[in-house]
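Chain residues, written in single-letter form:
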Amino acid sequence: MKTFYIETFGCQMNAHDSEKVAGTLLQQGYTQVENPEEAELILYNTCSIRDKAEQKVFSRLQQFKRESGKGKVFGVLGCVAQQEGEKIFERAPHVSLVAGSASYTKLPQLLVQLEAGNRRVTGLSLDTGETFDTPFTRRDNPHRAYITIIEGCDKACAYCVVPMTRGPERSRTSESVLREARSLAELGYSEVQLLGQNVNSYRDPSDTQWDFARLLRAVGEIDGLRRVRFTTSHPRDFVKEMVAAIDQDERLCNHVHLPVQSGSSDVLSRMQRLYSRDQYMRCIEWMKRAKRDIAITTDIIVGFPGETEADFLETVSLIEQIEYDSMFIFKYSKRPNTPALRYDDHIPEEEKTRRFLFLQERQRAIQIRRNSRYVGTTEEVHVEGYNLATHQWIGRTSQNKTLNFIDPDLPEPRGARTLVGQYMDVLVTRAGPNSLAGERATNRPASIS
Ligand code: SAH
Ligand code: SF4
Ligand code: F3S
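Residues numbered from 1 in each chain as written. Chains lettered and ligands numbered in written order. Predicted model: local features only at pLDDT ≥ 70, side-chain atom pairs only at ≥ 80, totals over all residues. Heavy atoms only, no water.

### Here's the deal with the packing of aromatic side chains
- Overall, the coordinates contain eleven aromatic pairs when judged by the stated rule.
- Ring centres 5.5 Å apart and planes at 80° place the aromatic pair Phe304 and Tyr332 in the edge-to-face group. Of this pair, Phe304 sits in the loop between strand S13 (295-302) and helix H12 (309-322) while Tyr332 sits in the loop between strand S14 (326-331) and helix H13 (349-372); the two residues are 28 residues apart in sequence, bridging distant segments of the chain.
- Judged by its relative accessible area of 0%, Phe304 is buried.
- Between Phe328 and Phe330, the ring centres sit 6.3 Å apart and the planes meet at 15°, which makes this aromatic pair stacked.
- Among the aromatic side chains, those forming a connected cluster through ring pairs are Tyr159, Phe304, Tyr332 and Tyr343.
- Sitting over the ring of Trp210, Arg214 keeps its end group 4.3 Å from the ring centre. (Phe/Tyr/Trp six-rings, centres within 6.5 Å; stacked < 30°, edge-to-face > 60°. Helix = DSSP H or I, 4+ residues; strand = E, 2+ residues; numbered from the N terminus. Buried < 20%, exposed > 50% of the residue type's maximum accessible area, 1.4 Å probe, protein only. Lys NZ or Arg CZ within 6 Å of the ring centre and 35° of its normal.)

Next up, the structure:
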C-alpha cells in the first residue's frame, strides 16, 4: 500500500491545487494519511509570497531530514518549487520531487519516475497553455467547493513573485467550469468559490469569449447552488457590470475582495499596479451605490520601497474614507527576481512594523463601527462548524462575515444531528471587530443583550 501526506501553505489556489493533487494520487492507487510519520510520500505544497512563507517549507524539511533514510520520499510542490527549482535538491538533498503548479497535469508520469527509484524528478516548465482540470478532486469540505477558473497572472506588480511562480494567465472554457459547477451541485454542494489570481481578466478561450461577469451570472443560475463567491478581483480589470450582476442575483455573494495595496497614487505607480487612487475609488463608488449592501475587503502592503510618511498617511485616509469590512495588512517583503528588489530606498523593519500596527489599530476601530450596524438585524448564515470551547455554532454570512450563534433547540451537535451545511436565519445580538454573535431566529420574541 502506497501512502502519502500533504501539507499546504499559502492561498486558496494552493489549497485547491492540493485537493486536486490528492485526488490524482488517490487515482494512482495511493492512500492519504493524516500525519507525516505514517506516510511514504511526504508532499509540501508551498507558498513564496513573503519570505516567512518560503522559510516554512525549509524548516519542515529540516525537521524530517533524518527520516529520509527510512524509505520516505519527499516532494516540494507549488510556488517555492517553481521559484527555486533544482536548487532545492542542493539545499535539501533528501527531496526527490520538485514540481510547480503548471506541471501538475504531468503528476502521474512524475509519480511513475519516483516509483522507479529516480531521486531527482522535476516538473518545472511554465511553457504551457494548459490548466489543471481533473475529475479526481478530493475536496476537504462537503458543502463548499473551490473551482479554478483562471490560472497564472499576466500582471507584473513590482513586489510579487506570482507571475514567475504560476506562469502566464490561462482561462478554462466556460463549458468546463459550468460542467464542474453543475456536478458539484448534483453532489450536494450548495456553495462554490470561483478562484483565480485575477478573476476579472477571465476570458473564455472558446468561441463565446465570455468575460467574468457573464460566467458569474451563468454559475449563479445553476440549480442547487445557493451561494457563489469569487476571488481575487484586480481593480484594473474590475467592471461596473460586476456590481450589476451582484445586484440582480442574490445567489452571488455580496462580498468583493478588491486589494488596493496603497492609498498613494505615487506608490501605486511604482508598484506597477496600473491604477491610481481615483480610478480605484471609482470601483468603490459603484459598490457603495449598489442596491445590495456589498462588503468590501482588501489587502494592503506597508513599507513598500520609497513609501514616505505622506504616502502612508494617504493609505490611512483611504481606509478611513472607504471603511473596509476587513483587510489583510502585510509588511513589504523582498522577493527574488522581482523589480522592486532593485529599488534602493528600502524602509527599515521597525518603521514597517510601526506603520503596520498603526493601520491595524485604525482598521480595528472601523470594523467595530461597521459590524455594530448589524446588531438587531437578521442575517442568513451557512453553518460551517461548532466551536466546542464557546459552545456556539459557527456561521458565515453572504458578506463573508463570521456569525457565531446559539440555537436553543440544538445547543450542540447530537449524534447525527448537526446544523453544519444548513442555511438559517440568525438574529445578531453582539458585534466585535472580527465577528458577529447572535441566536437562531425563531418566532419567539428575542432579547437583545
Ligand atoms: N492576485 C492577488 C493577490 C495575490 S498575493 C491580487 O493581485 O490581488 C496576496 C497579497 O499578498 C497581495 O494582495 C499583496 O498584498 C500581498 N503581497 C504580495 N507580494 C508581497 C510582498 N512581496 N510583500 C508583502 N506582501 C505581498
Ligand atoms: Fe501578484 Fe499583482 Fe498578479 Fe496579484 S495581480 S498575483 S499581486 S502580480
Ligand atoms: Fe503563495 Fe503561490 Fe498563492 S506564492 S499566495 S501559494 S500563488
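### Examining the site of ligand 2
- Lining the immediate environment of ligand 2, one finds Cys153, Lys155, Cys157, Tyr159, Cys160, Val162, Pro163, Gln197, His234 and Arg273.
- Grouping the amino acids of the shell around ligand 2 by side-chain chemistry returns six nonpolar, two polar and two charged. (Near = heavy atom within 4 Å. Nonpolar A, V, L, I, M, F, W, Y, C, P; charged D, E, K, R; others polar.)

### Structural notes on the site of ligand 3
- Neighbouring ligand 3 are Cys11, Asn14, Thr46, Cys47, Ser48, Ile49, Cys79, Val162, Arg166 and Gln197.
- For the shell around ligand 3, the class distribution of residues is five nonpolar, four polar and one charged.
- Each of two domains, domain 1 (2-123) and domain 2 (141-253), supplies a minimum of three residues to the shell around ligand 3. (Domains from an automatic or database assignment.)

### Considering the nonpolar core
- In this structure, Phe212 and Val219 are the most contacted members of the largest nonpolar core, which totals 70 residues.
- A domain split of this core shows at least three residues from each of domain 2 (141-253) and domain 3 (264-272 + 285-372).
- Here Phe212 is in contact with Ile149, Leu194, Val199, Asn200, Tyr202, Phe230 and Met242, once residues within four sequence places are set aside.
- Counting residues in each nonpolar core, the second largest holds 21 residues, with Phe74, Ala81, Ile88 and Phe89 among its members. (Core = buried A, V, L, I, M, F, W, Y, C linked by side-chain atoms within 4.5 Å. Contact = heavy atoms within 4.5 Å.)

### Comments concerning the packing of helix H7 (residues 174-186) against helix H8 (residues 212-220)
- At a closest axis distance of 10 Å, the pairing of H7 and H8 adopts a crossing angle of 25°. On the basis of their axis angle, the class for H7 and H8 is roughly parallel. Here H7 and H8 pass one another in a crossing that is right-handed. Contacts between H7 and H8 involve Ser174, Val177, Leu178 and Ala181 from the former and Leu215, Ala218 and Val219 from the latter. (Axes fitted to C-alpha atoms, helices over the stretch in contact; angles between N-to-C directions. Parallel < 35°, antiparallel > 145°, perpendicular 65-115°, else oblique. Left-handed = near helix turned anticlockwise from the far one by under 90°.)

### Regarding the domain arrangement of the chain
- The domain architecture assigned to the chain consists of domain 1 (2-123), domain 2 (141-253), domain 3 (264-272 + 285-372) and domain 4 (375-440).
- When each unit is reduced to the centre of its C-alpha atoms, the spacing between domain 1 and domain 2 is 27 Å.
- At the junction of the two partners, domain 1 supplies 16 residues and domain 2 supplies 17 residues.
- Together, the buried faces of domain 1 and domain 2 total about 1400 Å²; carbon and sulfur atoms form 54% of this surface.
- Summed over the three residues of domain 1 that lose the most area to domain 2, namely Gln12, Met13 and His16, the buried surface amounts to 43% of that side.
- Run the count over domain 1 and domain 2 and you get one salt bridge.
- The salt bridge partner of Arg166 is Asp17, with a shortest N-O separation of 3.1 Å.
- Taken together, the links from domain 1 to domain 2 amount to four residue pairs in polar contact (both at pLDDT 80 or more).
- Within the residue set of the side of domain 1 that touches domain 2, elements represented by two or more residues are helix H1 (12-27) and helix H3 (78-84).
- The biggest single contributor to the side of domain 1 that touches domain 2 is H1, with eight residues. (Buried area = accessible area lost by both parts, 1.4 Å probe. Salt bridge = Lys/Arg side-chain N within 4 Å of Asp/Glu carboxyl O. Polar contact = N/O pair within 3.5 Å; in protein donor to acceptor, adjacent residues only side chain to side chain.)

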